[in-house]
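# Notes for the structure review
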Amino acid sequence: MADRVLIRGLGALCSVRPKPGEPAAKIPLPRGMNSRQARRLCRQSKLALGAADRAWEEAGLDGQDAHLLLALTHGSTSFLNEFHDYLVEYGPEAASPNAFAGGVANAPLAAISAHLGLTLGGATLVGYEACGLEALNMAARRVASAEAPRCLVGACEEFSPLVQEVYAGAGWYPDRAPPHLPCPRLPGDGGPGLAMAEGAAFLALEPDDREPGVRYRPLDDPRAFSGEVDIVISGAGGGPQDHHELELLQRLLANLPGKPALLFAKAALGETFAVGSLLSVDLAVRLLRGEDLPPAHPLHPRLAPLAGEPRQPSRVLIVAADRTGAVQAGLLSFDHHPI
Amino acid sequence: MKNAGVDSAVVVTGVGVISALGRGYGRHVEAVRNAESGLVSLNLFNGTPPDPVLCGRVPGDILNPDLEATASHRATSLLNMALADALADAGLAGDAAVEADLLVGTTLGNMHGGTLYHRQLRSGGEPDPGLVRDFLPCAPAHSAAREAGLTGSVRTVASACGSASAAIGQALRRLRQGRAKRVVAGGFEALSPYCVAGFASLKLIASGPCRPLDAGRDGLNPGEAAALLVLETEDEARRRGARPLGRLSGYGEALEAYHQTRADPDGAGVAAALGRCLAMADAAPEQVSCLHLHGTATRANDISEHAACRAVWGEDLASLPVCSTKPMTGHTFGAAGALGAIFSLITLDQGVAPGTLNLTDPDPALAGFNAAAGPREIPAPEHVASVALGFGGESYALCLSRAKREGGHG
C-alpha cells in the first residue's frame, strides 16, 4: 500500500524531569563509544545517539547506509547556556568552541551520522510539538517512494530549567493537571501534575516487505480519517497545543467507528516537544507487539492492565497538534493487517 | 488535499533576496556586473577581539543596522521582507490568502534575542521571556507565513550552512510528488555576536576581506541575508500565466560522517551530493555551464570542494567556470544555499558568472579551478549548479536549468 513502511527497529529514552537536588538520569552510551568520547557531546546529542543506536541495533542494520532525519524544538540549551556563560561574563575570547559547534541544531544528526556511518543525506527539522511526527511522516514517504532504501528518523530534547521557567510564566506546564487530561499520580511524587521532560526516540524504517512486524503509514488529513482503530494516542500535554489537539480529537472520534481507547501519554511521560509524538509511536509499537513495557518506562504500572486486555490491539492511531494548529498523524498496525 | 502531478517539472516564478548588497533581484544583478562587495567593518564586542570584524550586514536603509535594537526580531524582519518581495515578484502579492507552503532554512533564528535574555538574566534584572520564545529557529517562519497570508504548511530546516539548500530540496520533493502546487523556499540568517564569537572561537574568522580559493585565504566574513524562491509546478505556473525564471532541475544531498565541524578533505560528501543532483537534473557534468561554490575561504572548506569537483569533473574541471560570492555578501550561513541558488539564476538569466573577489594569488593546491576575480560572460548557459556545506559534513547541491521562456527578469 502507498506510503506504508516497516518499523524495523526502535529506541527510546525518556525521563520525567529530575527533582531539585536529584542528578539527571544517566544516558546509556551507544555501542563503541566510551565516556571520554561522549563528554564532548551535549546532553541532547547524547540522548539522540543513545536512542538512535538502540534503534539501529534492534533493526540489525550495522554496516548498512541510510537517510537520516531528526526533529527537535529547543536545541541544546545546556551548551547554549554554557556558551553564553563565557560570552557574557568574560567576552568573546573566552567563548567555547565545543559549546558552539556542539550546540548547533544539527549537532545530534552529525553525531549519529558519524557514529553509525550514515551518508545518504539528512536534515534537521526545528519545530513545535508535532515536529517529530512530521519528520517520521517525511521519512516514511521517502522510504515508501524508494527515494531512500531505509531511513533512521527520530527526535531529541533535553530538559532546560530556563525554558521551563519561561513557559511557566506563560502559564504552560503548570505542574497541575488541566481538567481535560486524566493525570495519574506520578510515582514518588507529591501529587498529580504535568511536567516538562526530556528524551529521544528513533525508528529505523525499511520498505514494507510483508515480513511480520509493525507497519506505519502517514496520514495526509487526519481530520478526514474514518478507519477502524483500537487505540488513539493523543499529544495533549497541558500546553499550548491542547486547544488544537482537542479539536482534532473531537472531529476524529466523531468519524471513527466503535469506541477506541484514548491514551494521553504525556500525562506520564511529560512534555518532550518534538520527541513526544515519537515516544507515543514507541509506546504504540510495544503495545502492538504485545511486549511488556520495561520497568523503567514511566507508563509501566499504568499500562499493564491495558496490555493485558483480552483484545490485543491491532491498530493504533497517533495524533499530534502543535501550538500553531498544524496537525500530524499516522497509523500503526501489526503484521499483515491491512491499513 | 494532495494535488496531481507526480514528478512534475518545477520552475522558479519569483525571487525575494536581501543581503549586504541590498534588496531585490535587480540590485544583485547589478552587484554581480559591477563586482561589488557589501562588507563593512563592525565592532560587535565593544572593540575587544575579534573586533573589528568585516561583516555582510544588510544596509541601514533597508533594516535598522543596530543589532541591539533589532535583537528580538532581526531574522523575522529579514524573512518578512524577502517573503513579501518574492510573492510580489511572482505576481502573488495583494491576495488576502496565498496558497503556498513556506519551507525555509536557518541556523540561529533570532539568536541575539537569546543573548539579550542571557545578559538580562545575569545582570539580576527581570528577563523578557518573549526573547526566548521568539528566538526558536522555527518562530520566524510561522510569523512570516501568518503575515503574508500563506495557507499551506510551514517548516524550518536547521542543517547548518546547508539549511537553505536542504529546504529548497525538500520543496522540490513536495512539488514533484504532487504534495503541494506552490512552495516558497529558501533561507534566512541575521547577524549576531553569538555567531561571530562562535566562529571566532573556532579560528574561522578572516583577518580581512575573505579570499576564497586564494593561497592567502584565512577564513570567512559573517553575513546576513534572506533569500527565497517561489517554486511551482510547471503546470501551475502555466495555468496562472506566471513567467518562469528557471527550472529547479536537480537536488542532491549527502552526509560525510567525518567530523563534527571540519569537511572531509577528500570531498566525498560534496561529490556524492553533486552526483545525485546532476543525475536528477539529467545533466552530465560537462553540460554544467557554471558552478557556484560554497567557497567560504576557510582552508579546509576550499580544499574539500576542490577534491569533490576533481572527483566529479576530472580533467574537465579546468573548463568549468567556478565562483564564490562570499566576498560580496559574507557567509550568510542558513541563507547561503538559497543565495547561491539566486546567484545561479542570475548566471542562467543574465549569462554572467560573479567574480570571486579578492582572488589575486590562486592556491596551487587548488589547481584546476577555473576562477576569476571579476565577473565573466557565460554564453548560453543551460545548467548552473551550486553547492553548500554544513557543519557535521552535511553536503548539498542544487541545479538550476534554463526554462522555456522569452526575455529576462527585470
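The structure this text deals with has already been given above.
Described in the following lines is the structure provided in the data block.

## Description of the overall build of chain B
Helix and strand content of chain B: twelve helices and 15 strands. The C-alpha atoms of chain B give 20 Å as radius of gyration, which agrees with the globular expectation for 410 residues (22 Å, within 12%). Principal-axis analysis of the C-alpha atoms gives chain B an extent of 60 × 55 × 40 Å. When each of the 410 residues of chain B is scored for burial, the buried share is 65%. Approximately 12900 Å² of chain B is accessible, and the part contributed by carbon and sulfur atoms is 49%. Each charge sign in chain B was given a centre, from 34 positive and 41 negative side chains, and these centres are 4 Å apart.

## A closer look at the packing of helix H3 (residues 77–90) of chain A against helix H7 (residues 193–201) of chain B
Here H3(A) crosses H7(B) at 85 degrees, and the two axes come no closer than 11 Å. Here H3(A) lies roughly perpendicular to H7(B), going by the angle between them. Each of Leu80(A), Phe83(A), His84(A) and Leu87(A) in H3(A) lies in contact with H7(B), whose residues at this interface are Tyr194(B), Ala197(B) and Gly198(B). Its residues placed into classes, the contact of H3(A) with H7(B) shows five nonpolar, two polar and no charged.

## Here we look at the nonpolar core
Ranked by size, the top nonpolar core spans 92 residues in total, and within it Leu205(A), Val281(A), Leu332(A) and Leu231(B) carry the most contacts. In terms of nonpolar packing, the next biggest core, distinct from the first, is built from 43 residues, Tyr167(A), Trp172(A), Tyr173(A) and Ala139(B) among them.

## Overview of unusual backbone geometry
All names here are of chain B. Following Pro49, the chain continues into Pro50 via a peptide bond in cis, with omega recorded as 15 degrees. Looking at where Pro50 falls in the secondary structure, it is placed in the loop between strand E3 (40–42) and strand E4 (53–55). Omega for the bond connecting Asp51 with Pro52 falls within 30 degrees of zero, at -10 degrees, which places this linkage in the cis form. Although it is not a glycine, Ala160 adopts a positive phi angle of roughly 55 degrees. Following the sequence through the fold, Ala160 ends up in the loop between strand E6 (154–157) and helix H6 (163–176). Located in the positive-phi region is Ala380, a residue other than glycine, with phi close to 45 degrees. Secondary-structure assignment places Ala380 in the loop between strand E13 (376–377) and strand E14 (383–390).

## A look at the layout of surface pockets
Quantified by volume, the largest pocket comes out at close to 1200 Å³. Residue assignment for the lining of the largest pocket shows that the elements contributing at least two residues are helix H6 (131–144) and strand E10 (327–334) of chain A together with helix H5 (139–148) and E6 of chain B. Among the elements that line the lining of the largest pocket, the one with the most residues is H6(A), at five residues. Each residue belonging to the lining of the largest pocket can be placed in one class, and the counts come to 16 nonpolar, eleven polar and 15 charged.

## Details of the interface of chain B and chain A
Taken together, the contacts link 51 residues of chain B with 55 residues of chain A. Here chain B and chain A share five salt bridges between them. Arg173(B) is the salt-bridge partner of Glu147(A), the closest N and O atoms lying 2.3 Å from each other. Linking chain B to chain A there are 17 residue pairs in polar contact (both at pLDDT 80 or more). Sorting the residues of the side of chain B that touches chain A by element identifies helix H3 (111–122), helix H4 (129–135), H5, E6, H6, H7, strand E9 (246–255) and strand E15 (394–401) of chain B as the ones contributing at least two each. Examining the composition of the side of chain B that touches chain A, we find that eight residues originate from one element, H3(B), more than from any other. Residue composition of the side of chain B that touches chain A, by class: 26 nonpolar, 14 polar and eleven charged. The pairing of strand E3 (residues 122–126) of chain A with E6(B) spans two bridges and is antiparallel. Within E6(B), the residue paired with Leu125(A) across the bridge is Val157(B).

## Points about the state of the cysteines
Applying the stated rule across the entire model yields zero disulfides over all chains. With no disulfide partner, Cys151(A) has as its closest neighbouring cysteine sulfur the one in Cys131(A), 14 Å distant. For Cys151(A), a relative accessible area of 1% puts it in the buried group. Its sulfur unpaired, Cys210(B) is 11 Å from the next cysteine sulfur, which belongs to Cys55(B).

Reading guide: rules and limits
- Residues numbered from 1 in each chain as written.
- Chains lettered and ligands numbered in written order.
- Predicted model: local features only at pLDDT ≥ 70, side-chain atom pairs only at ≥ 80, totals over all residues.
- Heavy atoms only, no water.
- Helix = DSSP H or I, 4+ residues; strand = E, 2+ residues; numbered from the N terminus.
- Rg over C-alpha atoms; globule rule 2.2 N^0.38 Å.
- Buried < 20%, exposed > 50% of the residue type's maximum accessible area, 1.4 Å probe, protein only.
- Areas by Shrake-Rupley, 256 points an atom, 1.4 Å probe, with all protein chains shown as cover.
- Lys, Arg positive; Asp, Glu negative; His and termini not counted.
- Charge placed at Lys NZ, Arg CZ, Asp CG, Glu CD.
- Axes fitted to C-alpha atoms, helices over the stretch in contact; angles between N-to-C directions.
- Parallel < 35°, antiparallel > 145°, perpendicular 65-115°, else oblique.
- Contact = heavy atoms within 4.5 Å.
- Nonpolar A, V, L, I, M, F, W, Y, C, P; charged D, E, K, R; others polar.
- Core = buried A, V, L, I, M, F, W, Y, C linked by side-chain atoms within 4.5 Å.
- 1 Å grid on protein atoms, 1.4 Å probe; cavity = no way out; pocket = protein on both sides within 12 Å on 5 of 7 lines; lining within 4 Å.
- Points joined across faces, edges and corners; volume = space filled by probe spheres on them.
- Salt bridge = Lys/Arg side-chain N within 4 Å of Asp/Glu carboxyl O.
- Polar contact = N/O pair within 3.5 Å; in protein donor to acceptor, adjacent residues only side chain to side chain.
- Pairing = 2+ DSSP bridges.
- Disulfide = S-S within 2.5 Å.

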